[in-house]
Each structure stands twice: as C-alpha cells, then as structure tokens.
There are 2 protein chains.
Amino acid sequence: MPPSSQKATMHDVSRLAGVSKMTVSRVLADPDLVSESTRNKVMKAIEQLSYVPDRVAGSLSSRRTNFITAILPTLTNSNFADTAQGLAEAMRPADYQLLIGYTMYRLEEEERIIRAMLARRPDAIVVAGTTHTKAANEMMLRAGIPIVEIWDTPEHPIDHAVGFSNYEVGRAAALHLLALGHRRIGALGSRMDSDAKDLRGESRLAGFTSVLREAGLGDELVIREGLAPVSYDHGALTLGVLLERAPDVEAVFAVSDISAVGALMECHRRGIQVPDDLSLMGFGDFDIARQCVPAITTIRIDAELIGRKTGELLLQVLDHSADADNSPASAINVGFELVTRQTTALSKKQL
Amino acid sequence: MPPSSQKATMHDVSRLAGVSKMTVSRVLADPDLVSESTRNKVMKAIEQLSYVPDRVAGSLSSRRTNFITAILPTLTNSNFADTAQGLAEAMRPADYQLLIGYTMYRLEEEERIIRAMLARRPDAIVVAGTTHTKAANEMMLRAGIPIVEIWDTPEHPIDHAVGFSNYEVGRAAALHLLALGHRRIGALGSRMDSDAKDLRGESRLAGFTSVLREAGLGDELVIREGLAPVSYDHGALTLGVLLERAPDVEAVFAVSDISAVGALMECHRRGIQVPDDLSLMGFGDFDIARQCVPAITTIRIDAELIGRKTGELLLQVLDHSADADNSPASAINVGFELVTRQTTALSKKQL
DNA sequence: ACTTGTAATGTTATCGATAACATGCTTCAT
DNA sequence: ATGAAGCATGTTATCGATAACATTACAAGT
C-alpha cells in the first residue's frame with residue numbers, strides 16, 4: 001500500500017486559509033457566495049493540502065448522497081451496458097454517481113440488492129423490469145425517493161417508468177413473419193426457471209404467440225430452453241431443438257439478437273440457407289446483427305436512449321423535489337422499430 | 001414519488017427494543033456479542049420499523065465505506081464487463097460495493113474520475129491500465145489505500161497489479177502468423193489520438209511490430225485508424241484501408257476480436273476467402289469469435305479471472321490492513337493463450 | 001471470602017461535513 | 001442622517017452511526 005499521508009479535512013483548509021469551515025464549504029458548493037479574494041485564499045489552501053472533500057460526511061450532513069442506484073439483470077449484455085452508460089452520461093453533469101447492481105435475472109437477488117442499496121441512501125432508484133418480489137416492492141414504495149422502472153411498460157408502475165412494450169415487440173415480430181407468408185413459425189427463448197427468468201423476453205414471446213393464435217396457428221414451435229441470459233450458444237442449441245421438432249420450420253424469431261446470431265451461425269454450419277430455407281429475426285439491434293452476413297432483421301430499441309431519458313427525467317424530478325411531491329409520475333414509452341434486413345424474406349410457398 | 005414515511009434510525013430501534021444504540025449496532029455487525037434474548041428483541045424492533053441501517057453514517061464513523069472503485073475504459077466491451085462482474089462477484093461475500101467509472105479511453109477523464117471517486121473514500125481502487133496522468137498517479141499514491149492496476153503488467157506499479165503482458169500478446173500473434181509462413185503481414189488498430197487512446201491495444205501492436213522487425217519485415221501494414229473503442233465497423237473499415245494499401249496482404253492481426261469479426265464480415269462481403277485468401281486473427285476470445293463461421297483464431301485472456309483475482313487479492317490485503325503496511329505489493333500475471341481456430345492457415349506460397 | 005476473568009451491555013466522544021440562523025459591514029434611497 | 005436591504009462571513013447544532021472505554025453481574029479459582 002502506498003504511504004498514507006494523513007488526509008486533510010475541511011478544517012485544516014479553513015485554518016490555513018484563515019477563514020471558517022463554512023466559507024470553505026461555500027467555495028466548493030457555491031463559489032459565487034464568496035468574495036474573490038477569500039475564494040482565492042481558500043483555493044490556494046486546498047491546492048497546498050491536496051484537499052479532497054469527504055462526500056461521506058457531506059452526504060450525512062446534507063442528507064443527499066448524489067448516488068443513483070441502477071439495478072440491471074447483467075452488465076455483460078451490451079443493451080444493458082448501453083443503458084447504464086446512457087444513464088451515467090445523463091447524470092454526470094449534475095455530479096451523480098451510479099451505483100450499479102446486477103441481478104442475474106433473479107428476483108430474489110434483486111430484492112437482496114435493493115435492500116443493500118437502500119442502506120447507501122441513494123437519491124433515486126432505477127430498476128429494470130416491472131415485476132418484483134413483494135418485499136422489494138414495499139421497500140421501494142417506502143423509500144421515499146423517485147423510482148424508475150425501465151425496459152418495459154408497467155401496468156401498475158411504482159412511480160415513474162421509461163421503456164417500451166415487450167409484448168408489442170413480440171407481436172410486431174410475429175406480424176412481420178406472417179406478412180411474409182410464413183405459416184410454420186417458431187421462436188427461441190429461455191426457460192422460465194425459478195433460478196433465473198427473463199421476464200421481458202417472456203413478454204416478447206407472449207406477444208408473439210398471441211399473434212400466432214389469432215392467425216389460427218399453434219405455439220408448439222415456441223422453444224423455451226436454457227437459462228437467461230441467452231448466448232450465441234443458446235441460439236445455436238435452441239435452433240437445433242427447433243429443427244428436431246419441426247424440420248419444416250419456415251421462420252424463427254429469437255428473443256435476442258445474440259440468440260439470432262448464434263442461430264444464424266448454426267445455419268451456416270448446417271448448410272441451411274438464410275433466408276431462402278429459413279427466415280430469421282432477432283431483437284435488440286445489437287451491432288453484430290447489422291454486421292453479420294447476411295445482416296439480421298431485428299427490432300431496434302434504443303437502449304442508450306432509455307438510459308438517457310431516465311437520467312433526464314430524474315434530473316428534473318430531483319431538482320423539483322424541493323417543492324414537495326408535486327412530481328407527477330410519468331411513463332415514457334420510447335417505442336421500437338422493426339428493421340428489415342437480409343435474413344427475412346417472402347415465403348417460397350407463396351411464390 | 002412514493003409517500004415518504006420518516007425513516008427509522010438506530011436510535012428508534014434501540015428505544016423500541018429497550019436497549020442502547022450500541023447494542024443494536026452490535027446485533028447488526030457482530031450478533032454473537034449479544035445474548036440471544038436481547039438479539040431477538042432487537043431483531044423484532046428492526047422488523048417492526050422496517051429499519052434499514054444508514055451506511056453513510058456508518059462509513060463516516062468507522063472510516064470504512066466498503067466501496068471499491070473500479071475504473072475501466074468502457075462498460076460496453078464484454079471483456080471489461082466480464083472483469084467488472086468477476087470483481088463484483090469476488091467482493092460480494094465481504095459486502096463490498098463496486099463504484100464503477102469509465103474513462104472512454106481518455107486519460108484526462110480517468111484523472112477526473114479518480115478525483116471524484118476519492119471523495120467517496122473508497123477502501124481500494126482498481127484501475128485498468130498502467131499509464132496515468134501525473135496528477136492521477138499522485139492522487140493514487142497519496143490515497144493511502146490499496147491500488148490495483150489491471151489488464152497489463154506495469155513496469156513501475158503504483159501498488160498491486162493483476163494482468164498480462166499486452167506486448168507479449170502482440171508478439172505471440174506475430175509469431176503465430178510468421179510460423180504459418182506468411183510474410184505480408186498487417187494489423188488493425190486504433191489511432192493514438194489525444195482524445196482517446198487504447199494504450200493496451202497499442203502495446204499489442206508494439207509487440208507485434210517488434211517481431212515483424214526481428215523477422216526483417218516492415219511495419220507499413222500496421223494500420224492505426226479510428227478512435228477507441230473499436231467496433232465491428234472499425235474492423236471492416238480498417239481492413240478496407242489495409243487492402244487498398246496492400247492488396248496482396250496475406251495475414252492480419254486485429255487488436256480486438258470485435259475488429260476481427262468486422263473484418264471477417266467485410267471479407268465475406270468482398271468475396272475474400274478466409275483463411276484461403278487471407279489469414280485473420282483477433283484478441284480477447286469474445287464469444288462471437290468462437291461462434292463465427294469460420295471461427296476466429298484469437299488470443300484468449302480470461303477477463304473475468306482478472307476481476308476475480310483482483311477481488312481475492314483485495315480481500316486479503318484489506319483484511320490484513322489492520323497489521324499495518326505489511327501487505328507486500330503483488331504483481332499477478334494471469335497470462336494468455338493462443339487459440340487456433342479456422343481463420344488462420346498455412347501460407348499457400350509455402351505449399 | 002476475595003480476587004480475577006469474562007460475558008453482556010451502556011456511555012461518551014468522535015467522524016467531517018452542511019443547514020440554519022446570526023452578525024457585521026456597506027450601500028443607498030428617502 | 002438613518003434604517004432597510006444585501007453581501008460576506010461566522011457560530012451552533014445536527015446528520016446517524018461506530019470506536020473505545022466503562023460498567024455491571026456473575027462464575028470460577030484459590
């Protein structure tokens with residue numbers, strides 16, 4: 001460990017500058033309140049002592065930590081990483097620090113994390129998803145701070161929400177494949193295990209099957225295998241399962257581009273022509289989906305935008321928190337967009 | 001905002017349980033110190049009041065925040081996300097919370113972040129990279145807490161280090177391509193801009209060119225274009241630049257698998273056969289490199305392991321921090337491994 | 001019986017800042 | 001001239017916990 005020089009406190013600075021602690025505090029928090037000459041004296045003292053203010057003490061005193069808790073399923077999914085980055089970016093000018101926790105798609109873990117995070121007294125909580133354990137829900141309700149549920153559209157929001165409808169995403173996917181004339185349509189998702197469940201992915205599958213049923217088709221080709229988070233392997237494996245169940249499948253929707261890419265590569269390996277033999281689409285508009293050959297049809301959501309919008313919303317709410325609870329709980333729908341690329345094509349049967 | 005019930009303090013709990021604050025504190029920190037009957041009373045009071053301890057106050061008092069600062073170039077690179085996850089995983093049992101900052105590959109930004117983070121009084125700092133601004137270096141030296149530089153092997157470590165030699169990675173890549181009989185060898189990297197520079201990628205390129213020169217080859221095919229972080233597009237674009245400069249190039253090393261994948265897809269689009277027309281390799285062993293068709297030869301580093309090892313090291317050091325500065329600064333080299341797959345093959349000229 | 005040890009709990013003094021109010025000194029309109 | 005207003009600064013009281021030391025009660029050893 002490097003040599004520890006005794007850390008200087010605000011008191012040390014004030015003595016060296018010949019002013020009171022409060023003046024030092026003002027120089028740091030609101031320089032305009034202090035005359036230029038004193039300000040310079042204080043700045044010099046800060047410099048000389050390499051003083052770094054102690055925000056722990058500051059937070060206790062001011063009852064504001066400038067921490068924002070962000071609870072996401074995982075960091076190793078570029079979509080969520082984008083959201084985190086967008087949120088961090090939006091909050092940075094206001095000097096907020098992100099406290100990131102990840103749940104591994106487990107609700108009990110989410111509850112544990114919320115409890116642990118609340119002890120840090122964050123100024124707000126951002127949480128992915130709209131389904132939480134009872135205890136988690138109560139803790140957030142009681143917390144007395146703004147809560148933002150993101151990445152879906154909650155029916156009963158705790159407070160604010162920023163996201164899109166995963167259910168509608170699933171419907172849009174199914175409608176696209178149907179419109180191309182496909183009838184043997186499948187999907188690749190993950191298992192709804194008690195260990196780990198991708199509730200948003202499941203919503204997409206639910207929307208997807210709802211359309212299939214409306215079209216008089218069954219949902220027997222909707223595969224749920226493997227645990228969240230999905231991977232390239234997941235796509236490859238579940239495609240294998242699907243092909244075994246229905247060698248004549250014409251079109252497939254994967255709940256994530258990652259799975260879609262894995263499935264596409266599996267097609268390459270098996271000599272299945274995409275989209276001639278099989279139409280394939282994903283979700284998320286990951287970079288790789290655009291870069292793949294052939295480029296993958298997908299549903300674009302702007303993950304970074306979700307983060308940024310959430311940040312902007314919070315800045316506004318936190319700023320007005322002075323004038324009591326007049327902050328109306330807002331629900332922002334950022335929408336999504338079907339991006340047709342090269343992996344989906346008209347059914348040959350139609351031709 | 002949800003209704004804010006007044007938050008209960010430890011004092012409230014102690015009154016309700018009919019004990020002193022200190023006893024409540026003990027129940028939470030070291031339950032064995034308290035008799036079973038009092039402990040139960042206290043627990044009941046905690047439950048009744050939905051008491052959540054205030055770690056801000058606790059940290060100020062105990063002078064330990066249980067925060068670990070992790071400073072990484074970006075979160076949207078699965079390698080760094082893996083490292084973060086590994087670190088978080090290792091520290092979690094000891095109840096440490098990660099404070100993540102990302103620099104966007106900019107040293108000035110790193111300095112800014114270090115300064116901001118130090119105000120939170122972390123118990124340790126983990127920072128990617130071994131090159132820092134002068135001010136950043138001094139701040140870390142002065143901080144009086146363990147510092148771990150990761151993702152490279154520093155010549156002059158500030159304190160501890162966990163990583164591998166990027167320079168040797170570059171050498172291994174060049175040696176592999178040379179061993180296959182290639183002589184027209186190029187590389188794809190990013191520009192060393194003042195805005196953003198990937199110093200570790202640059203080390204890999206340096207090691208790479210050192211071998212080329214030893215073999216009597218020039219480095220004119222080492223492309224440095226675009227800003228870090230690299231992307232699939234980056235790989236596609238720089239490959240284009242390289243092909244323009246040397247249509248007869250035989251083998252290429254990309255500083256990242258991401259670039260390598262982008263380059264591979266560009267080859268697909270241009271009808272260049274890999275590895276028949278061109279050998280291609282990357283770095284990082286990203287999932288996508290293994291899944292690609294053809295699967296990409298790469299250099300595997302275990303990013304998650306770097307995080308985990310760092311965590312274990314810190315737990316040990318922080319635990320012993322009681323017995324003064326007896327913690328020997330350790331430098332752990334986790335090494336790397338060349339993974340030969342389908343994108344590199346013997347030079348045809350040799351045949 | 002008397003020290004001594006130890007287990008369980010309480011008391012007091014911080015930790016390093018900020019909020020809220022108080023003070024002193026100018027300035028300026030009337 | 002004078003008092004209200006405003007600027008620049010200081011004082012005092014917290015914020016909610018933990019460390020360190022103090023106390024009490026009872027058991028065990030001699």
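Here is a short report on the structure shown in this document.

As for the relation of the copies chain A and chain B
Reasoning step 1: Superposition record for chain A on chain B: RMSD 0.1 Å, screw rotation 180 degrees, translation along axis 0.1 Å. Expressed as a symmetry operation, the mapping of one chain copy onto the other fits a two-fold axis.
Reasoning step 2: Interface overlap between copies: 99% of the residues of chain A at the interface are likewise at the interface in chain B, consistent with a symmetric, same-surface contact.

Examining the sheet that holds strand E1 (residues 67–72) of chain A
The strands making up a sheet are joined through hydrogen bonds of the backbone, oriented either antiparallel or parallel.
Residues and elements named next belong to chain A.
Reasoning step 1: Spatially, the six strands line up as an open sheet ordered E2-E1-E3-E4-E5-E11, and their pairing is parallel. Each end of this open sheet is capped by a strand with a single partner; those strands are strand E2 (97–102) and strand E11 (331–333). Geometrically, the sheet is characterised by an average inter-axis angle of 15 degrees between neighbouring strands, direction not taken into account.
Reasoning step 2: Bridging between strand E3 (residues 124–128) and strand E4 (residues 147–150) involves four bridges; their strand directions are parallel. Bridge assignment links Ala128 to a residue of E4, and that residue is Ile150.

Some thoughts on the side chain of Glu111 of chain B
Residue and element names in this part refer to chain B.
Reasoning step 1: With respect to the helices and strands, Glu111 occurs in helix H6 (residues 107–118).
Reasoning step 2: Reaching out from Glu111, the side chain makes a polar contact with the side chain of Arg115 at a distance of 3.0 Å.
Reasoning step 3: Beyond its immediate sequence surroundings of up to four residues, Glu111 is in contact with Thr133, Ala135, Ala136 and Met139.

Considerations on helix H4 (residues 55–62) of chain A
Reasoning step 1: A distance of 2.8 Å separates the backbone nitrogen of Val56 of chain A from a side-chain oxygen at the start of H4 of chain A, and that oxygen is part of Asp54 of chain A.
Reasoning step 2: Directly after H4 of chain A, the chain includes Arg63 of chain A, whose backbone phi takes a positive value near 60 degrees.

Regarding the protein's contact with DNA strand D
Reasoning step 1: Inspection of the region around DNA strand D gives 25 residues, with Thr23 of chain A together with Met10, Ser25, Tyr51 and Ser61 of chain B positioned closest.
Reasoning step 2: Of everything in DNA strand D that lies within 4 Å of the protein, sugar and phosphate atoms constitute 59%.
Reasoning step 3: Within the backbone of Ser35 of chain A, a nitrogen or oxygen atom sits 2.9 Å from a phosphate oxygen of DNA strand D.
Reasoning step 4: Elements that contribute at least two residues to the surface near DNA strand D include exactly helix H2 (21–29) and H4 of chain A together with helix H2 (21–29) and helix H4 (55–62) of chain B.

What counts and how
- Within any chain, residue numbers begin from 1 and follow the written order of that chain's sequence.
- Whichever chain is written first is A, and whichever ligand is written first is 1; the rest continue in order.
- Residues qualify for local features only when their pLDDT is at least 70, as the model is predicted, and side-chain atom pairs are given and counted only at 80 or more; totals for whole chains, interfaces and linings, by contrast, use all residues.
- For the side-chain quantities, the full set of heavy atoms in the structure was used; hydrogens and water were omitted.
- Here the copies were fitted onto each other by least squares, based on C-alpha atoms from residues at pLDDT of at least 70 in both.
- The contact criterion used throughout is that any non-hydrogen atoms of two residues lie within 4.5 Å.
- Here the rule is simple: two strands pair whenever DSSP picks up at least two bridges between them.
- Only runs of H or I of at least four residues qualify as helices and only runs of E of at least two qualify as strands under DSSP, and these elements are numbered from the N terminus.
- An axis is simply a line fitted to the C-alpha atoms; with a helix, the fit covers only the stretch in contact. Between two such axes, the angle follows the N-to-C directions and lies from 0 to 180 degrees.
- A 3.5 Å cut-off defines polar contacts: any pair of N or O atoms within that distance qualifies, except that in protein one atom must be a possible hydrogen donor and the other a possible acceptor, and neighbouring residues in sequence count only when both atoms are side-chain atoms.
- If even one non-hydrogen atom of a residue comes within 4 Å of a molecule or strand, that residue is called near it.

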